[in-house]
Amino acid sequence: MSSIVFIYVALFITTFTGLLFLITFFENMNKMSNPGIRKYPTVCIVIPAHNEEPSIASTIESAMAIDYPKNKIEIFVVENGESKDRTYAIAKKYRKYGIKVISLKKGGKGHAMNYVLKKTKSEIFITMDADTFADKDVLKKMLGYFNNPDVMAVAPTMKSKTNENLSQKIQNIEYLVGAFLRKVYHFLDSVYVTPGAFTAYRKSFFDKYGGFDTKNITEDIEMTLRIQAKRYKIANAIDASVYTITPKKMNTLFWQRVRWYLGYIESTIQYRKVLFSTKHGYLGTVIAPTAIASIVYMIYLFVILVGEGIKTVIDIFYASISGTNPLLLLQQIKLTPFYFHVSIVSFVAVLAIIVSLLMFFIAKSYSSDKSDYKVGYLGFSLLYIFLFAVWWISAIYYKIFGNELRFGGVVWRNSLVSNFKLAYNK
Amino acid sequence: MAKGKSKVVAALSLTILIFLSGFVLGNLSVSSKLGLVQDLQNEIYTESLGFEVLFDMVETNLCDESSLGDINYHLTDFGERLSYLEEKGDEQEAVKILKNQYNALEIKHFLLINKINNECGTKYSTILYFYGPKSECRTCLTQGLELSNVKSDNHDIMIYSFDYTSGFAPVRNLINTYEIERVPALVIDGIKYEGYFTESKISGLIDSN
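What you see is a predicted model; the values in this text were computed from it and never measured. (Residues numbered from 1 in each chain as written. Chains lettered and ligands numbered in written order. Predicted model: local features only at pLDDT ≥ 70, side-chain atom pairs only at ≥ 80, totals over all residues.)

**Some thoughts on the overall build of chain A**
As a reminder, the rule being used: Only runs of H or I of at least four residues qualify as helices and only runs of E of at least two qualify as strands under DSSP, and these elements are numbered from the N terminus. Here the globule rule reads 2.2 Å times residues to the power 0.38, and the radius of gyration is calculated from C-alpha atoms. A residue is called partly exposed when the number of other C-beta atoms within 10 Å of its own lies between 12 and 20, exposed at 12 or fewer, and buried at 20 or more, with C-beta atoms placed from the backbone. We call two residues in contact when the distance between their C-beta atoms, placed using the backbone, is within 7 Å.
For chain A, the count of helices and strands is 14 helices and 10 strands. A globule of 426 residues ought to have a C-alpha radius of gyration of about 22 Å, and chain A, at 23 Å, matches this closely. With the C-alpha coordinates aligned to their principal axes, the bounding extent of chain A is approximately 75 × 55 × 45 Å. Counting every position in chain A, which comprises 426 residues, the buried fraction comes to 40%. In chain A, the proportion of contacts linking residues at least 24 apart, taken out of those at least 6 apart, comes to 81%.

Put into structure tokens, the structure is as follows:
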């Protein structure tokens, strides 16, 4: 396919999905608020923790502060994988407040959550990461969605706890755009990602279909797709806010995303029949295929932009070694009407920027977000495509050629090459 | 489900509408650009006639410089617009014809200036600039910009740019006359200089001549 045809196809898909999302949103604008709890269910919050000394105390206190009938809520902290810091010692101090603190030798969030799943009799099971903090009214806003017996999971709006540097500011915008999309997916019955940091599940689903997949490095994605595969619903409470400590360093962010995207790849392969089937409505026919298409053309766009960037660097290099001022190259930019060129690509690109701004401000308004967004939005607009493409290219590379990767207490060795070698040696 | 389908149909229809509008706008832009190419061609044609008249005037009143300034301005403007069209890569054939016409105009102007210098005792400096395509001459882009700066500092310097790979006979004739072997190359007041020259170096060379 020639590049221009590719660009047109990509633009067409992007425009179509963007419009479908906006139409869906405007059609359901009066259904944005949460339905309210009819009868308070019993709730179990589990906080798995591995080397979480800096944040574990605040997370436990945040869970304790949630506004919910005290006789209907239990909180578990599961230190796992033999943390090397004081996570367990700090958590133990909260036993006097009724928090159940457990230490498991075996590492992994999935193991920790499955352990509690066997212990609890609560109707709602909530996973909460040890660096996550919730608003007091979070459960009152989320749990009303379980009034519908078909709803098996409810996701809140995730936000960045602090926005100190560019990395966190960009993630804050990404989370807000994600909040809009998740609400639209909710209306389309197509939520395929719930935040691993805080999601509420109906416990009976686990009783029927088993606990978390401990072999999967993103057990939350696997669980979400499993719920979709069994034809149940996943809801989103856009007005319920949960805050997570987002990575400050680009390096930490990189490895977080490599883990997430490796998880997406593996779960997508596992549930390919759900993701690309007309039986699964919008998820199978529109959302999943366009999500994959968007990854492909973001990588393609990245390659083109990097190619152009390299050409410019070469021009600047030659200009420099010729003894001239590289700023001369700026003289090429002409702004008179003769040099103005309108094409369908620029026309749709402007439209895409408007649509993405609209999505962002809708999410900001409905999730009552007060954070300053200007620097973050600028960084997001200019850099996100590069970050997104690098994360995806790296994840695909590791899925094909990677050796062993360690994520927290979990070891991943599931690349195609290492699996092939394993099979060959047998 | 019917409601769901109508949503998809609405999104699809709007997308098609946006794409059609984009195509219409894009085509309008291209046609206006084609119009601009056409305009430029007409302008160059008219200016050529102007040059013919100027040449006629040489016999009667060559040293009256009043009409020269306006023609110099137009020649520079044509040059800039042509390089933009060349870079855009649209309508290559039309642009190639334009380029030959423009080169012919440049050479006529160059000869006229030489004649004025000889007969009227003026000292207009002339620079013939030979450049190559980006793939063969990475420094040509900035060399052109250096020359633009030289020109903007001193309007009495006449700069004429020629594509080294041009097949146009008068241009090939110039290349052979000055024995140009590599680009970028400059012929400043009749003396050949090959390689890259910064604005200050070029000014120095003009002064030394």
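**A few points about the packing of helix H9 (residues 250-270) of chain A against helix H13 (residues 374-401) of chain A**
Residue and element names in this part refer to chain A. We apply this condition: The angle between two axes is taken between their N-to-C directions and runs from 0 to 180 degrees, where each axis is a line fitted to C-alpha atoms and a helix contributes only its stretch in contact. Orientation categories follow fixed angle ranges, with anything under 35 degrees roughly parallel, anything over 145 roughly antiparallel, 65 to 115 roughly perpendicular, and all other angles oblique. Crossings are sorted by hand: turned counterclockwise from the far helix by less than a right angle, the near helix makes the crossing left-handed, and turned clockwise it makes it right-handed. Amino acids are sorted into nonpolar (Ala, Val, Leu, Ile, Met, Phe, Trp, Tyr, Cys and Pro), charged (Asp, Glu, Lys and Arg) and polar (every other residue, Gly among them).
Look at H9 against H13: their axes get within 8 Å of each other, and the N-to-C directions meet at 60 degrees. Comparing the axis directions of H9 and H13 gives the class oblique. Read as a crossing pair, H9 and H13 show a hand that is right-handed. The residues of H13 that touch H9, namely those facing Phe254, Arg257, Val258, Tyr261, Leu262 and Ile265, are Trp391, Trp392, Ser394, Ala395, Tyr398 and Lys399. When the residues that make up the contact of H9 with H13 are grouped by side-chain class, the tally is nine nonpolar, one polar and two charged.

**A word on the sheet that holds strand E6 (residues 151-160) of chain A**
Residue and element names in this part refer to chain A. This is how the line gets drawn: Pairs of strands are assigned from DSSP output, requiring at least two bridges between the strands.
In space, the eight strands of this open sheet follow the order E3-E2-E1-E4-E7-E6-E8-E5, with mixed pairing throughout. The open sheet terminates on both sides in strands that have one partner only, identified here as strand E3 (100-104) and strand E5 (132-134). Between one strand axis and the next, the sheet turns through 30 degrees on average, direction left out of account. Where E6 lies against strand E8 (residues 233-244), eight bridges are found, and the strand directions are parallel. Of the residues in E8, the one forming a bridge with Thr157 is Ser241.

**Here's the deal with the pairing of E3 of chain A**
Residue and element names in this part refer to chain A. Rule in force here: Crossover handedness is defined here as right-handed if the route from the first strand over the helix to the second strand goes clockwise, with the strands pointing away from the viewer.
Of the strand pairs in this sheet, strand E2 (residues 73-80) and E3 are connected by five bridges, and their pairing is parallel. Bridge pairing in E3 links Asn80 to Leu104. Running through helix H3 (residues 87-92), the crossover from E2 to the neighbouring parallel element E3 is right-handed.

**Some words on the nonpolar core**
Just so we agree on the cut-off: To define a nonpolar core, we join buried Ala, Val, Leu, Ile, Met, Phe, Trp, Tyr and Cys residues through C-beta atoms within 7 Å and take the resulting set.
Counting residues in each nonpolar core, the largest one holds 96 residues, and the members touching the most others are Ile45, Val46, Ile47, Val77, Ile126, Met142 and Val154 of chain A. In this structure, Ile47 of chain A is in contact with Thr59, Ile60, Ala63, Phe76, Val77, Met128 and Ala130 of chain A, ignoring residues within four places of it in sequence. With 26 residues, the next largest nonpolar core counts Tyr164, Leu186, Tyr196 and Ile202 of chain B among its residues.

**Details of the domain arrangement of chain B**
Residues and elements named next belong to chain B. This is how it is decided: For each domain, the first and last residues come from an automatic or database assignment.
Domain assignment breaks chain B into domain 1 (33-122) and domain 2 (124-209). Contacts between domain 1 and domain 2 engage 11 residues on the former and 10 residues on the latter. No other element matches the nine residues that helix H3 (residues 92-120) contributes to the side of domain 1 that touches domain 2. Of the residues contributing to the side of domain 1 that touches domain 2, the split by class is five nonpolar, five polar and one charged.

**Re the packing of helix H8 (residues 219-229) of chain A against H9 of chain A**
Residues and elements named next belong to chain A. Where H8 contacts H9, the axes come no closer than 9 Å and their chain directions differ by 30 degrees. By the angle between their axes, H8 is roughly parallel relative to H9. Every pair of crossing elements has a handedness; the one defined by H8 and H9 is right-handed. Side by side, H8 and H9 meet where Ile221, Glu222 and Leu225 of the first sit next to Gly263, Tyr264 and Ser267 of the second. In terms of residue class, the contact of H8 with H9 is made up of three nonpolar, two polar and one charged.

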